[in-house]
2 protein chains.
Amino acid sequence: MSRFLSNATNRIDAKGRVSVPASFRSVLSERGIQELYCLQDFIFPAVSVGGPDLLDRYERQIASADPFSPEANRMSLLVHGGGVFMRLDAEGRLMVTDFIRDFTGISSEVTFVGRSDHFQLWQPQAFHEAQAAAREGRLGLRSL
Amino acid sequence: MSRFLSNATNRIDAKGRVSVPASFRSVLSERGIQELYCLQDFIFPAVSVGGPDLLDRYERQIASADPFSPEANRMSLLVHGGGVFMRLDAEGRLMVTDFIRDFTGISSEVTFVGRSDHFQLWQPQAFHEAQAAAREGRLGLRSL
DNA sequence: GCTTCTCCCATTGACGCCCATATGGTCCCA
DNA sequence: TGGGACCATATGGGCGTCAATGGGAGAAGC
């Protein structure tokens, strides 16, 4: 298995912490990830979380683009300027910082969304809407 | 090679579990499937269930696109963010989670529907309507 | 000094694992 | 051919374990 899959919604406590789902934590430990790298998604109002390899992937993507293109410029601004390192506490919780709240609209609950090699933090309602929209977009295309 | 065929309706017990029909279970064990991958159908209000190979098929589809494209991002949101791995208990039952209930409308009974290489979970009434509609050559979409 | 973060422990509620019972079908034998 | 024993499946429920959550106290920073 060993990939981030499925979604779960957890509550933020009075101190601003939220438990990362156990299934995600086991993937993290399997992969030996201790430092989490967080950055804003390019399309959705969500924060992506993964190991340092996540940063590597984005840097390769930027490197592969024309370095003077607006696209590469914009990506670098988000990846290098917007990225944050975080750690979990002993119980597997992370602090929901203002950086996360402002970009995602998260206030009292966090939806954790698996994305195979990383996972994301969403405001629950926004996640449901985005998923519904993505499904609509596929209607009309042939399904597998 | 045996396939998932026919349909059967079973009751959900007080703890939210439901028995997978024995004929489906024997197909699962023949194929050596122990971990079940579940995903919302793209067209019908039903949840598809199959082996990890089901997920592999979708991932190949995603991999064929530019990994940073909006299209791949949306697809991953559905396949990774909406998919779940599940296991059967010792008696061959699975938990009917809110994820399944919300999408299918299932409350007290589950109709298992064979689809050759996978099977689906339906709300009984919705299944009958969709099948009747299919007989008439229509697409039996209920409003979700 | 006060606030903010980290480490630690307590509670509780959900889920997995186990065993018990019911129900319906099949096979064997009279 | 009808009755009964046997078996497999579906279903019900107890109980232990672990994850999610809440809160206290010490450490570090402003």
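Residues numbered from 1 in each chain as written. Chains lettered and ligands numbered in written order. Predicted model: local features only at pLDDT ≥ 70, side-chain atom pairs only at ≥ 80, totals over all residues. Heavy atoms only, no water.

**Student:** What am I meant to see in the pattern of salt bridges here?
**Tutor:** As a working rule, side chains carrying opposite charge can pair if their charged atoms are close by. All names here are of chain A. By the definition in use, this model includes 14 salt bridges over all chains. We note a salt bridge from D89 to R93, for which the minimum N-O separation is 3.5 Å. Since its relative accessible area comes to 27%, D89 is described here as partly exposed. If you follow the salt bridges from partner to partner, you end up with D13, R17, D89, E91 and R93 in one network. (Salt bridge = Lys/Arg side-chain N within 4 Å of Asp/Glu carboxyl O. Buried < 20%, exposed > 50% of the residue type's maximum accessible area, 1.4 Å probe, protein only.)

**Student:** What should I look at first to understand the environment of F112 of chain B in this one?
**Tutor:** Position of F112 of chain B among the secondary structure elements: in strand β7 (residues 109-114). Those residues in contact with F112 of chain B that lie beyond four places of it in its chain are S6, N7, A8, N10, V18, S19, V20, P21, F24, F119, Q120 and L121 of chain B. (Helix = DSSP H or I, 4+ residues; strand = E, 2+ residues; numbered from the N terminus. Contact = heavy atoms within 4.5 Å.)

**Student:** Explain the protein's contact with DNA strand D here, please?
**Tutor:** Taken together, 23 residues surround DNA strand D, and among them K15 of chain A together with D13, K15, R17 and R93 of chain B come closest. Counting only the atoms of DNA strand D that lie within 4 Å of the protein, the sugar and phosphate share comes to 45%. Between a base oxygen of DNA strand D and a side-chain N or O atom of R17 of chain A, the distance comes to 3.1 Å. Those elements giving two or more residues to the surface near DNA strand D turn out to be β1 (7-11), β2 (17-19) and α1 (22-30) of chain A together with β1 (7-11), β2 (17-19) and α1 (22-30) of chain B. When the residues that make up the surface near DNA strand D are grouped by side-chain class, the tally is six nonpolar, four polar and 13 charged. (Near = heavy atom within 4 Å. Polar contact = N/O pair within 3.5 Å; in protein donor to acceptor, adjacent residues only side chain to side chain. Nonpolar A, V, L, I, M, F, W, Y, C, P; charged D, E, K, R; others polar.)

**Student:** I'm lost on the side chain of D41 of chain B in this one. Help?
**Tutor:** Within the fold, D41 of chain B resides in the loop between β3 (36-40) and β4 (47-50). No salt bridge is formed by the buried D41 of chain B; the nearest opposite charge belongs to R115 of chain B, separated by 5.4 Å. Sequence-distant contacts of D41 of chain B, defined by excluding residues within four places in its chain, comprise R135 of chain A together with A46, S48, F103 and Q120 of chain B. (Lys, Arg positive; Asp, Glu negative; His and termini not counted.)

**Student:** For this particular structure, what's the right way to read the interface of chain B and chain A?
**Tutor:** One frequently used descriptor of interface size is the decrease in accessible area upon assembly of the parts. Taken residue by residue, the interface counts 29 residues in chain B and 30 residues in chain A. Buried surface at the junction of chain B and chain A, summed over both partners, amounts to about 2,500 Å²; 63% is from carbon and sulfur atoms. On the chain B side of the interface with chain A, the three residues burying the most area are F42, F68 and L77 of chain B, jointly 28% of the side's total. Summed over the shared surface of chain B and chain A, the result is two salt bridges. (Buried area = accessible area lost by both parts, 1.4 Å probe.)

**Student:** What am I meant to see in the protein's contact with DNA strand C here?
**Tutor:** Looking at DNA strand C, the residues that line it are K15, R17, E91 and R93 of chain A together with K15, R17, E91, R93 and M95 of chain B. Take the atoms of DNA strand C that sit within 4 Å of the protein: sugar and phosphate atoms are 7% of them. In the model, a base nitrogen of DNA strand C is placed 3.4 Å from a nitrogen or oxygen of the R17 of chain A side chain. The separation between a base nitrogen of DNA strand C and a polar side-chain atom of E91 of chain B is 3.0 Å.

**Student:** Could you clarify how one ought to interpret the sheet that holds β1 of chain B in this entry?
**Tutor:** What holds strands together in a sheet is hydrogen bonding between their backbones, with the strands either parallel or antiparallel. All names here are of chain B. Judged by pairing direction, the sheet is antiparallel, and its six strands sit side by side in the order β1-β7-β8-β4-β3-β5 without closing on themselves. Both edges of this open sheet fall to β1 and β5 (84-86), since each of them pairs with a single strand only. Going from strand to strand, the sheet's axes swing by 30° on average, the running direction of each strand aside. Sheet analysis places β7 next to strand β8 (residues 119-122), joined by four bridges and oriented antiparallel. (Pairing = 2+ DSSP bridges. Axes fitted to C-alpha atoms, helices over the stretch in contact; angles between N-to-C directions.)

**Student:** Please clarify how the packing of aromatic side chains should be interpreted in this entry.
**Tutor:** Centre distance and the angle of the planes are the two values used to describe a pair of aromatic rings. Counted by the stated rule, this structure contains 16 aromatic pairs over all chains. Aromatic pair W122 of chain B and F127 of chain B: ring centres 5.7 Å apart, planes at 65°, arrangement edge-to-face. Per residue, the accessibility class of W122 of chain B equals that of F127 of chain B, and both read buried. Site record: aromatic cluster; members linked through ring pairs are F4, F24, F112 and F119 of chain A. (Phe/Tyr/Trp six-rings, centres within 6.5 Å; stacked < 30°, edge-to-face > 60°.)

**Student:** Which parts of the structure should I look at to understand the pairing of strand β8 (residues 119-122) of chain A?
**Tutor:** In regular strands, side chains alternate between the two faces of the sheet. Residue and element names in this part refer to chain A. Because side chains alternate across β8, one face comprises the buried residues F119 and L121, and the other comprises Q120 and W122, equally buried. Taken together, the three bridges between strand β4 (residues 47-50) and β8 define a ladder with antiparallel strand orientation. Looking across to β8, one finds that V47 is bridged to L121. The hairpin formed by strand β7 (residues 109-114) and β8 contains four residues between the paired strands, and S116 there has a positive phi angle of roughly 75°.

**Student:** Is there a simple way to explain the packing of helix α2 (residues 52-64) of chain A against helix α3 (residues 70-82) of chain A in this structure?
**Tutor:** Describing two packed helices takes the angle between their axes plus the distance from one axis to the other. Residues and elements named next belong to chain A. Orientation of α2 relative to α3, taken along the N-to-C sense of each, is 160°, at an axis distance of 10 Å. Taken together, α2 and α3 sit at an angle that is classed as roughly antiparallel. α3 is crossed by α2, and the crossing has left-handed handedness. Residue-level contacts link L55, Y58, E59, Q61 and I62 of α2 to A72, M75, S76, V79 and H80 of α3. Of the residues contributing to the contact of α2 with α3, the split by class is six nonpolar, three polar and one charged. (Parallel < 35°, antiparallel > 145°, perpendicular 65-115°, else oblique. Left-handed = near helix turned anticlockwise from the far one by under 90°.)

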